[in-house]
Amino acid sequence: MSEIVNLNKVRKDRDRTAKKAEADQNALRFGRTKAERLADATRETRAKQQLDQLKFEEE
C-alpha cells in the first residue's frame, strides 16, 4: 500500500524549497556584507568631498 500524502503540504514544501533556492542564489549574486556596504559608502562620501573641494578651489 502507498503512503497517504497531504497534497497541500507537499505543494507548499515544494514551493518553499524553490523559493529558498532562489533566495540563496540571489544572496550569492547580489548580497554584500554590512562592512562592504559601509566601506563603499565611506569611499563615495570621501570622493564627493574631494570633488566639492576641487570645485571651490577652481573658482
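Residues numbered from 1 in each chain as written. Predicted model: local features only at pLDDT ≥ 70, side-chain atom pairs only at ≥ 80, totals over all residues. Heavy atoms only, no water.

S.K.: When you look at the overall build of the protein chain in this model, what are you seeing that I'm missing?
M.R.: A count of helical and extended segments in the protein chain gives two helices and zero strands. Dimensions along the principal axes, computed over C-alpha positions, put the protein chain at roughly 85 × 20 × 10 Å. For the protein chain, with 59 residues in total, the buried portion stands at 0%. Positive and negative charge centroids in the protein chain, built from 15 and 12 side chains respectively, lie 10 Å apart. (Helix = DSSP H or I, 4+ residues; strand = E, 2+ residues; numbered from the N terminus. Buried < 20%, exposed > 50% of the residue type's maximum accessible area, 1.4 Å probe, protein only. Lys, Arg positive; Asp, Glu negative; His and termini not counted. Charge placed at Lys NZ, Arg CZ, Asp CG, Glu CD.)

S.K.: Would you mind going over the pattern of salt bridges with me for this structure?
M.R.: Oppositely charged side chains are able to pair whenever their charged atoms sit close together. Applying the stated criterion across every chain yields a total of five salt bridges. Among the ionic pairs, Arg 14 bridges to Asp 15, the shortest N-O distance being 3.7 Å. For Asp 40, the salt bridge identified is with Arg 43, shortest N-O distance 2.7 Å. Of this pair, Asp 40 and Arg 43 both sit in helix α2 (residues 34–58), three residues apart, roughly one helical turn. (Salt bridge = Lys/Arg side-chain N within 4 Å of Asp/Glu carboxyl O.)

S.K.: What is the right way to read helix α1 (residues 7–30) from this model?
M.R.: Along an α-helix, residues three or four apart share an orientation, since each turn contains 3.6 residues. If you check α1, its first and last C-alpha atoms are 34 Å apart, about what 24 residues at 1.5 Å a residue would give, namely 34 Å. If you check the start of α1, you find a side-chain oxygen 3.1 Å away from the backbone N of Asn 8, and it comes from Asn 6. (Expected span 1.5 Å × (residues − 1). Polar contact = N/O pair within 3.5 Å; in protein donor to acceptor, adjacent residues only side chain to side chain.)

S.K.: Can you help me understand a nonpolar patch on the surface in this one?
M.R.: Residues Val 5, Leu 7 and Val 10 make up a contiguous nonpolar surface patch of roughly 280 Å² in combined accessible area. Relative to the elements of secondary structure, Leu 7 occurs in helix α1. With relative accessibility at 64%, the residue Leu 7 sits in the exposed group. (Patch = residues over 30% accessible without salt bridge, like charges linked within 9 Å, V, L, I, M, F, W, Y side chains within 5 Å. Areas by Shrake-Rupley, 256 points an atom, 1.4 Å probe, with all protein chains shown as cover.)

S.K.: Even after reading the chapter, I still don't get the environment of Lys 48, so can you show me in this structure?
M.R.: Relative to the helices and strands, Lys 48 resides in helix α2. Here the alpha-carbon distance between Lys 48 and Glu 3, two residues 45 residues apart in the chain, equals 65 Å.

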